[in-house]
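The chain contents come next:
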Amino acid sequence: MTIKIEKKIKGYQVVKPDDKPAETPKAAAKPKSAGAEVIQMHESVERPEVLVGSTYKIKSPLFEHALYVTINDIVLNQGTPHEQRRPFEIFINSKNMDHFQWIVALTRIMSAVFRKGGDVTFLVEEMKAVFDPRGGYFKAGGVYMPSIVAEIGSVIEQHLKLIGMIKDPDISDSQRALMEEKRAAYESGQKTAEDTDMPAAESAEGGAFPASASLCSKCNTKALVLMDNCQTCLNCGYSKCG
Ligand SMILES: [Zn+2]
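These numbers come from a predicted model, not from an experiment.

So, about the layout of surface pockets. In this structure, the second largest pocket spans a volume of roughly 950 Å³. Contributing to the lining of the second largest pocket are 33 residues, with Lys-128, Lys-161, Cys-219, Asn-235 and Cys-236 lying nearest its centre. Within the residue set of the lining of the second largest pocket, elements represented by two or more residues are helix 3 (122-128), strand 5 (144-145), helix 4 (148-162) and helix 5 (173-194). Here the lining of the second largest pocket is built from residues that sort into 14 nonpolar, eight polar and eleven charged.

In structure tokens, the structure reads:
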């Protein structure tokens, strides 16, 4: 399609994939919804006076003081069927000033990514993959954190799940039932084997998994146990034998 330009060009804009195509007869034929324009996240969306915020506390053995991660959300298209809550900015506060400059840099860059719009969930995977060369640590529940950056990433993941931007992977009901069954079988097996000589060994770490469990490479949780001669994860259902 060629368009002859008859006027002087005063300005131009590159068409992005997200942009609606120029009105074609087909699009024009569509009934227009009563003046409702769906607002998508974009750099030029102005910060409203009030944002909804959530603060998460991170306590890591690598840091003397706790970190407080605050994520403020913007609600787009409020009260319409297109209502959407998206992260808008992130701040991290701590008494610990050792890491202040990179924390400020990280949060500013993340906030900028949030405001750009589009899919921001990749941040979670990028951050969770950061390993501290000095070694990570275990959280209550047996989840392994390879670094403090990874833990900030998992906080963002938790938040994006809360606001519905990340959906939990679909575990079918039958698979869930199988996992429950395996877990129950393992626990009853342990009870008969150990009798009651070792009380509360499992809750020593505050974890829901046996203390003897090893680290699952799929979900980074200490929940891998040997069942029927096969390493099986009691947390995510991963099995070495398929
Ligand atoms: Zn697992």
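Looking now at the pattern of salt bridges. In the structure shown here, the tally under the stated rule is seven salt bridges. Among the salt bridges present, the one from Glu-157 reaches Lys-128, with a minimum N-O distance of 2.8 Å. You can see Glu-157 sitting in helix 4 and its partner Lys-128 sitting in helix 3, a full 29 residues away along the chain. Judged by relative accessible area, which is 15%, Glu-157 ranks as buried. Among the charged side chains, a salt-bridge network with shared partners connects Arg-47, Glu-89 and Arg-115.

All right, on to the sheet that holds strand 3 (residues 84-94) then. Strand order across the open sheet formed by three strands is 1-2-3, with antiparallel pairing between neighbours. Both edges of this open sheet fall to strand 1 (52-58) and strand 3, since each of them pairs with a single strand only. For this sheet, the mean inter-axis angle between neighbouring strands, taken without regard to orientation, is 20°. With ten bridges connecting them, strand 2 (residues 67-76) and strand 3 associate as antiparallel partners. Within strand 3, the position partnered with Ile-74 by the bridge is Arg-86. Lying on the sheet, helix 2 (residues 100-116) is in contact with strand 2 and strand 3; it crosses strand 3 at an angle near 175°. Where helix 4 meets the sheet, it contacts strand 1, strand 2 and strand 3, and its direction lies at approximately 145° from that of strand 1.

Applying the stated criterion to the full structure yields one disulfide. Through a disulfide, Cys-230 is tied to Cys-241; the S-S separation comes to 2.1 Å. For the disulfide bridge between Cys-230 and Cys-241, the dihedral angle about the S-S bond is near 130°, and by the sign convention the bridge is right-handed. Residue Cys-230 is found in strand 8 (residues 230-233), and its partner Cys-241 is found in the segment after strand 8; the two are separated by eleven residues along the sequence. Judged by relative accessible area, which is 8%, Cys-230 ranks as buried.

Another aspect to go through is the coordination of the zinc ion. Coordination of the zinc ion by the protein comes from Cys-216 (SG), Cys-219 (SG), Cys-233 (SG) and Cys-236 (SG), over a distance range of 2.3 Å. Coordination at the zinc ion is tetrahedral: its four donor atoms span angles of 107 to 116° at the metal.

Let's shift gears to the packing of aromatic side chains. Enumeration according to the criterion identifies one aromatic pair in this entry. Across the ring face of Phe-88, the terminal group of Arg-115 is positioned such that the distance to the ring centre comes to 5.1 Å.

Looking now at the nonpolar core. Counting 25 residues, the largest nonpolar core has Leu-67, Val-69, Ile-152 and Ile-156 as its most contacted members. Mapped onto this core, the elements with two or more residues apiece are strand 1, strand 2, strand 3, helix 2, helix 3 and helix 4. When residues of this core are assigned to their parent elements, the largest contribution, six residues, is made by helix 4. Beyond its immediate stretch of four places on either side in the chain, Ile-152 contacts Ile-58, Leu-67, Ile-92, Leu-106, Met-110 and Met-127. By size, the runner-up hydrophobic cluster in this structure holds eleven residues, among which are Ala-213, Val-225, Met-227 and Cys-233.

Glycine aside, a negative phi is what most residues show, and trans is what most peptide bonds show. Backbone geometry at Asn-77 places phi at a positive 55°, although glycine is not the residue there. Tracing the sequence through the fold places Asn-77 in the loop between strand 2 and strand 3. Taking the relative accessible area as the measure of exposure, Asn-77 reaches 10% and is therefore buried. One non-glycine residue, Asn-229, lies in the positive phi region at around 60°.

Turning next to the sheet that holds strand 6 (residues 214-215). Backbone hydrogen bonds hold the strands of a sheet together, and the pairing may be parallel or antiparallel. Spatially, 6-7-8 is the arrangement adopted by the three strands of the open sheet, whose pairing is antiparallel. Each end of this open sheet is capped by a strand with a single partner; those strands are strand 6 and strand 8. Bridge count between strand 7 (residues 222-227) and strand 8: four bridges; the pairing is antiparallel. From the neighbouring strand, Leu-226 faces strand 8, where its bridge partner is Gln-231.

The rules behind the values
Residues numbered from 1 in each chain as written. Predicted model: local features only at pLDDT ≥ 70, side-chain atom pairs only at ≥ 80, totals over all residues. Heavy atoms only, no water. 1 Å grid on protein atoms, 1.4 Å probe; cavity = no way out; pocket = protein on both sides within 12 Å on 5 of 7 lines; lining within 4 Å. Points joined across faces, edges and corners; volume = space filled by probe spheres on them. Helix = DSSP H or I, 4+ residues; strand = E, 2+ residues; numbered from the N terminus. Nonpolar A, V, L, I, M, F, W, Y, C, P; charged D, E, K, R; others polar. Salt bridge = Lys/Arg side-chain N within 4 Å of Asp/Glu carboxyl O. Buried < 20%, exposed > 50% of the residue type's maximum accessible area, 1.4 Å probe, protein only. Pairing = 2+ DSSP bridges. Axes fitted to C-alpha atoms, helices over the stretch in contact; angles between N-to-C directions. Contact = heavy atoms within 4.5 Å. Disulfide = S-S within 2.5 Å. Donors = N, O, S within 2.8 Å, 3.2 Å for Na, K, Ca; no water. Tetrahedral: all angles 85-135°; square planar, octahedral: opposite > 155°, others 65-115°. Phe/Tyr/Trp six-rings, centres within 6.5 Å; stacked < 30°, edge-to-face > 60°. Lys NZ or Arg CZ within 6 Å of the ring centre and 35° of its normal. Core = buried A, V, L, I, M, F, W, Y, C linked by side-chain atoms within 4.5 Å.

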